[in-house]
Amino acid sequence: MNRKLCILGSTGSIGTQTLQVVDNNEETLSVEAMTAGDNIALFAEQILRYRPRIVAVKSEEGAQQLKQSLLEHPAAIEMQLPEILYGMDGFVACASLPETDMVVAAMVGMIGLRPVMEAIRKGKDIALANKETLVTAGHLIMPLAKEYGVSILPVDSEHSAIFQCLQSGSCEEIEEIFLTASGGPFRHSTEEELEQVTVEQALAHPNWSMGKKITIDSATMINKGLEIIEACWLFHVGLEQVHVLVQPKSIIHSMVGFRDGAVMAQLGTPDMRLPIQYALMYPKRPQLSGERLNFEKLKSIHFEEPNTKILKGIDLAKRSFETGGSMTTVMNAANEFAVAKFLGKEIGFTDIYRMIEYAMEHHSFIKNPSLDDILETEKETCSILEKCYV
């Protein structure tokens, strides 16, 4: 098995760990295309290390800066520079490159939606780490993947765990899915305490090392709400079949209850390389270094119910999915907007919930949105919040 990859978002948390997995499987994995945002210095180092055919960054200025950085590097003398593109056209070109057979969707936000859809149309399998793809456009993505015979392999630890559990049964045999959550740093906080939460406190996740946006989403529990929606699309289950369990140590990554009463669980240490490697190497399980579970020291596994009255992310996401259509896009776009404002210390932690609710209440609903409708809804949501809330 040899797989040639395009990594959308190679400089982010998932992207850099994907490259670690590539290092661990150099004989079977290669990187043919890569994209990045604004981290030009790191991206240049990655290009020199992995030597892709084509790369893309967010802006024309970034592309010029990247080219100059590569030309000035001594190692560039010994290699042919890749084609350097920029903007959405560049991202799509990377995702559509004929030489690749799998696209790792690791871009944060809805910017990854169009490249993923184009990759599917070109017959590329998708290793999906970008939640927004299914949250906002699951009704487009899943039929498209079926039409083109493309596999969508989950990279999120929880969805990878469910996928691994399903190696012993089919989606049709699922009775319920137990989606586990660490609960984040504020699972026992009061509403008054949440009002005082700082950016630094919200970024201090107890178990996982992740990017800033997803770390805040974990703290608000929006992340788990997005994962519920994603699970419904990936595994063809109803909202009522997905239950969230707080498992504070992140040992059980998720479980599947089957209709015969059996429950399968996937356990492991909190290491994102494992689900990444499983998606890239499926169905094989090559060696992966790292810490192992010590059951003698573990002794017990503790569960809690999520505090949805205080941490409203799950309920907001479920409400948007129950409404359907363009409402999930509104919820997601409002969250992205609010999280950026919170990280910039322009709003408080609980204002994230208020902004999402405001956007959902002031949206003109579209029952069956097209891709253009979804992207326009994202813009309109940000515009509403910018004008009427901030």
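Let me begin by describing the structure that accompanies this report. Every value quoted in this text rests on a predicted model; they were computed, and no experiment measured them.

## What about the overall build of the protein chain?
For step 1, the next point in the chain: Counting secondary structure elements, the protein chain contains 17 helices and 11 strands.
For step 2, the next point in the chain: Dimensions of the protein chain along its principal axes, counting C-alpha atoms only, are 60 × 55 × 40 Å.
For step 3, the next point in the chain: Relative to its full complement of 390 residues, the protein chain shows a buried share of 55%.
For step 4, the next point in the chain: Sequence-distant contacts, at least 24 apart, represent 72% of the contacts inside the protein chain between residues at least 6 apart.
For step 5, the next point in the chain: In the form shown here, the protein chain has an accessible surface area of approximately 17,200 Å², with 48% of it arising from carbon and sulfur atoms.
For step 6, the next point in the chain: Of the side-chain charges in the protein chain, 35 are positive and 52 negative, and the distance between the mean point of each set is 3 Å.

## A look at the packing of helix H4 (residues 87-95) against helix H5 (residues 113-121)
For step 1, the next point in the chain: Where H4 meets H5, the axes come as close as 8 Å, and the angle between the chain directions of the two elements is 30°. One finds that H4 runs roughly parallel with respect to H5. At the point where H4 passes H5, the crossing takes the right-handed sense. Along the contact surface, H4 presents Met-88, Phe-91, Val-92 and Ala-95, while H5 presents Arg-114, Pro-115, Glu-118 and Ala-119.
For step 2, the next point in the chain: Looking at side-chain class alone, the contact of H4 with H5 contains six nonpolar, no polar and two charged residues.

## Re the packing of aromatic side chains
For step 1, the next point in the chain: Applying the stated criterion across every chain, the model contains seven aromatic pairs.
For step 2, the next point in the chain: Between Phe-186 and Phe-349, the ring centres sit 5.3 Å apart and the planes meet at 75°, which makes this aromatic pair edge-to-face. With Phe-186 in the loop between strand E8 (174-181) and helix H8 (191-195) and Phe-349 in the loop between helix H15 (327-343) and helix H16 (351-361), this residue pair connects regions lying 163 residues apart in the sequence. Both residues of the pair, Phe-186 and Phe-349, count as buried.
For step 3, the next point in the chain: The structure contains a cluster of three or more aromatic residues connected by ring pairs, namely Phe-186, Phe-342, Phe-349 and Tyr-353.

## Some points on the packing of helix H10 (residues 212-220) against H15
For step 1, the next point in the chain: Across the interface, H10 lies against H15 with an axial gap of 10 Å and an inter-helix angle of 100°. When the interaxial angle is binned, H10 and H15 end up roughly perpendicular. Counted together, Lys-212, Lys-213, Ile-216 and Asp-217 of H10 and Asn-335, Glu-336, Val-339, Phe-342 and Leu-343 of H15 form the full contact between these two elements.
For step 2, the next point in the chain: Residue composition of the contact of H10 with H15, grouped by class: four nonpolar, one polar and four charged.

The rules behind each value
Residues numbered from 1 in each chain as written. Predicted model: local features only at pLDDT ≥ 70, side-chain atom pairs only at ≥ 80, totals over all residues. Heavy atoms only, no water. Helix = DSSP H or I, 4+ residues; strand = E, 2+ residues; numbered from the N terminus. Buried < 20%, exposed > 50% of the residue type's maximum accessible area, 1.4 Å probe, protein only. Contact = heavy atoms within 4.5 Å. Areas by Shrake-Rupley, 256 points an atom, 1.4 Å probe, with all protein chains shown as cover. Lys, Arg positive; Asp, Glu negative; His and termini not counted. Charge placed at Lys NZ, Arg CZ, Asp CG, Glu CD. Axes fitted to C-alpha atoms, helices over the stretch in contact; angles between N-to-C directions. Parallel < 35°, antiparallel > 145°, perpendicular 65-115°, else oblique. Left-handed = near helix turned anticlockwise from the far one by under 90°. Nonpolar A, V, L, I, M, F, W, Y, C, P; charged D, E, K, R; others polar. Phe/Tyr/Trp six-rings, centres within 6.5 Å; stacked < 30°, edge-to-face > 60°.

As far as function goes, none of this settles anything; it's purely spatial.
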